[in-house]
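Structural features, examined
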Amino acid sequence: MASFNNLKNVLMLAIDWILYSAGAADTCQVKVTQPRFQEADSSMQTVFLSCAFSASGCSLFPPQVLWFRFLTNKHEDLCIPECKKQQKFKVHFFSEKNISLQINDLTVDDNAVYICGISFSNSSSPRAKQTGDGTVLTKTGEEMQHGNGKLVFIFLIIASSLMFLYSTTVFTFFAVYKV
């Protein structure tokens, strides 16, 4: 019975190999990983978002690398595979499996979820095209400076109003006292 099971396993492997070589059993599987969060302080003008992937059973051809972002109310294709705004966004290959998206002239408006996608387009396997979970990019500091500026402005208005009321009261007191 054990030899029958071994023969069956060998036969199944042979059939799988034949189907795979004929292209009928594409086993390409891709896994994409990204850091969950990345912060940039207000002094940073450029940031790099990293993306790593692993692929098994895929062709030796390099995959397409895609980048998307989700802003508050809309989705934007950044690099599919060419970057639309080449001055703003650039894709870098640090190694065969590590990629990054460079974002230039970073502003608070770039706060979004950035998603890396890997696609072996010559594969028919549904797992040959995968995306990462996304990296939440937050540029910090700028909002705080604007917020602190607003607080200082409000404080100055309140202080000025109180000084006006105080001086009006003192002037009125002297005017009534002199009469």
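For the structure given in this document, a descriptive report is provided here. None of these values were measured; they are calculated from a predicted model. (Residues numbered from 1 in each chain as written. Predicted model: local features only at pLDDT ≥ 70, side-chain atom pairs only at ≥ 80, totals over all residues. Heavy atoms only, no water.)

Along the backbone of the protein chain there are 2 helices and 10 strands. In the protein chain, the succession of α and β elements from N to C terminus is α-β-β-β-β-β-β-β-β-β-β-α. Considering only residue pairs separated by 6 or more positions, the protein chain has 62% of its internal contacts joining residues 24 or more positions apart. Summed over its atoms, the accessible surface of the protein chain is roughly 12500 Å², and 64% of this surface lies on carbon and sulfur atoms. (Helix = DSSP H or I, 4+ residues; strand = E, 2+ residues; numbered from the N terminus. Contact = heavy atoms within 4.5 Å. Areas by Shrake-Rupley, 256 points an atom, 1.4 Å probe, with all protein chains shown as cover.)

Looking now at the pattern of salt bridges. Under the definition given, this model contains 5 salt bridges. Ionic pairing is found between Arg69 and Asp110, a salt bridge with its closest N-O pair at 3.1 Å. Taken together, the residues Arg69 in strand β4 (residues 64-70) and Asp110 in the loop between β7 (98-103) and β8 (112-119) connect sequence positions 41 residues apart. The residues Arg69 and Asp110 share a single accessibility class, namely buried. With a closest N to O distance of 3.3 Å, Glu76 and Lys85 form a salt bridge. Classification of Lys85 as partly exposed rests on a relative accessible area of 44%. One salt-bridge network, held together by shared partners, links Arg69, Glu76, Lys85, Lys88 and Asp110. (Salt bridge = Lys/Arg side-chain N within 4 Å of Asp/Glu carboxyl O. Buried < 20%, exposed > 50% of the residue type's maximum accessible area, 1.4 Å probe, protein only.)

Most of β4 sits inside the fold, with 5 of its 7 residues counted as buried. As paired elements, β4 and β8 share 7 bridges and run antiparallel to each other. Bridge pairing in β8 places Gln64 opposite Ser119. When β4 meets strand β5 (residues 75-79), the two strands line up antiparallel, connected through 4 bridges. Within β5, the residue paired with Phe68 across the bridge is Asp77. Where β4 folds back onto β5 in an antiparallel hairpin, the turn is made up of 4 residues. (Pairing = 2+ DSSP bridges.)

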